[in-house]
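Residue-level structure breakdown
Each chain, written out:
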Amino acid sequence: MTHFLHIAEFGLPSCCGKGKMNPHLGLPSCHVTASVSILYIIYVACLLPSGTLGHMDRALTVEDIMPLDRTLYDKMRPPKKDGKATQVYFHVTVMGIDSINENSMTYAADIFFAQTWTDHRLRLPENMTSEYRLLDLDWLKALWRPDSFFKNAKQVTFQTMTIPNHYVWLYQDFRILYMVKLTLVLSCAMNFAIYPHDTQFCKLQMESLSHTTEELVFEWDPDVPLAVDDRIELPQQDIVKNYTSDCSQL
């Protein structure tokens with residue numbers, strides 16, 4: 001068995017035109033003209049309507065959700081039920097793409113990365129009246145979570161302004177949602193053989209670090225697997241297509 005792998009690909013065709021020489025092939029690259037623009041910055045504060053979170057429950061401790069017999073919980077083992085592999089669902093929101101570097105063959109992306117799985121070994125707090133509870137991030141040290149990583153990432157930065165941008169929710173059906181905001185620098189094997197009419201395919205690859213498909217299976221969220229902000233603009237490329245795929249090797 002080999003590790004389970006997902007790929008999200010973004011097609012980035014180069015623009016055509018006359019201008020400075022391409023550093024790779026000695027061919028002309030796109031000509032960029034300067035223009036004057038006006039930037040409007042709109043600040044929006046979003047609040048949940050009253051009653052969305054239900055009644056305020058008392059503060060929890062990690063012991064409130066752990067089995068009464070702690071020996072029954074092994075944070076190093078996926079929560080397999082009935083011998084079946086643990087399913088983890090991915091969702092990726094791409095908020096920005098920039099710094100496409102032809103020399104290093106890399107690009108940068110700002111994303112929200114969400115992972116959802118069910119851990120039936122946990123307990124629900126006795127006084128949990130709302131649909132979900134926001135958990136303390138320190139509890140991640142006591143809980144099992146997927147060992148997913150970005151296979152083609154050269155650099156990963158966690159966003160920390162104004163607070164660390166990652167969150168954990170526990171739902172009534174024992175689902176756990178872990179969401180984190182990241183800035184990634186990703187490798188992209190570019191081919192300039194038909195420059196300046198080339199189309200580049202840049203990937204975002206996720207894989208399990210240590211588990212096989214007998215223990216852990218990654219799947220794209222069935223409702224909204226991938227969302228790419230349609231307001232993303234690149235100076236010399238156009239995003240013409242994005243899609244998800246499954247690269248599991250059994």
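The residue numbers shown here count from 1 along each chain, following its written sequence. Since the coordinates come from a predicted model, pLDDT governs what is reported: local features require at least 70, and pairs of side-chain atoms require 80 or more to be given and counted, while whole-chain, interface and lining totals use all residues. Calculation of side-chain values draws on the structure's entire complement of heavy atoms; hydrogens and water are dropped beforehand.

**Considerations on unusual backbone geometry**
So the rule is basically this: Numbered from the N terminus, helices here are DSSP runs of H or I no shorter than four residues, and strands are runs of E no shorter than two. Note on classification: 1.4 Å probe, protein chains only; a residue is buried when its accessible area is under 20% of the maximum for its type, exposed when over 50%, partly exposed between these limits.
At the junction of Met161 and Thr162, the peptide bond is cis and its omega measures out at -5° in the coordinates. By the element assignment, Thr162 lies in the loop between β6 (153-158) and β7 (166-171). One non-glycine residue with positive phi stands out, namely Met105, at about 55°. Tracing the backbone through its elements, the reader meets Met105 in the loop between β2 (86-101) and β3 (106-118). For Met105, a relative accessible area of 27% translates into the label partly exposed.

**A closer look at the pattern of salt bridges**
Stated formally: Counted as salt bridges are all cases of a side-chain nitrogen of Lys or Arg within 4 Å of a carboxyl oxygen of Asp or Glu.
In total, this model carries five salt bridges according to the counting rule given. Here Arg175 ties to Asp173 by a salt bridge, and the two come within 2.7 Å at their closest N and O atoms. Residue class for Asp173 comes out partly exposed when judged on its relative accessible area of 41%. Note that Arg231 is salt-bridged to Asp229, the shortest N-O span being 3.1 Å.

**So, the nonpolar core**
Selection rule: By convention a nonpolar core is built from buried Ala, Val, Leu, Ile, Met, Phe, Trp, Tyr and Cys residues, the set being connected through side-chain atoms within 4.5 Å.
Among the nonpolar cores identified, the biggest contains 43 residues, and Val92, Tyr107, Ile111, Phe113, Phe150, Leu204 and Met206 are the most heavily contacted of them. Broken down by secondary-structure element, the contributors of at least two residues to this core are β2, β3, β7, β8 (175-187), β9 (199-208) and β10 (216-220).

**Notes on the environment of His91**
Filter applied, for reference: For the purposes of these results, a polar contact is taken to be a pair of N or O atoms within 3.5 Å, where, inside protein, one atom must be able to donate a hydrogen and its partner to accept one; residues adjacent in sequence count only when each atom of the pair is a side-chain atom.
Within the element layout of this structure, His91 appears in strand β2. Look at His91 and you get buried, because its relative accessible area is 17%. The spacing of His91 and Asp223 is 132 residues in sequence and 9.2 Å in space, taken between C-alpha atoms. Looking at His91, its side chain comes within polar contact range of the side chain of Thr93, at 2.6 Å.

**What to know about the pairing of β10**
Cut-off, in case you're wondering: Strands qualify as paired when DSSP identifies two bridges or more between them.
Of all five residues that make up β10, four are buried, and the element is covered over most of its length. Both β2 and β10 contribute to a ladder of five bridges, which runs parallel. When the bridges of β10 are listed, Thr86 appears paired with Leu216.

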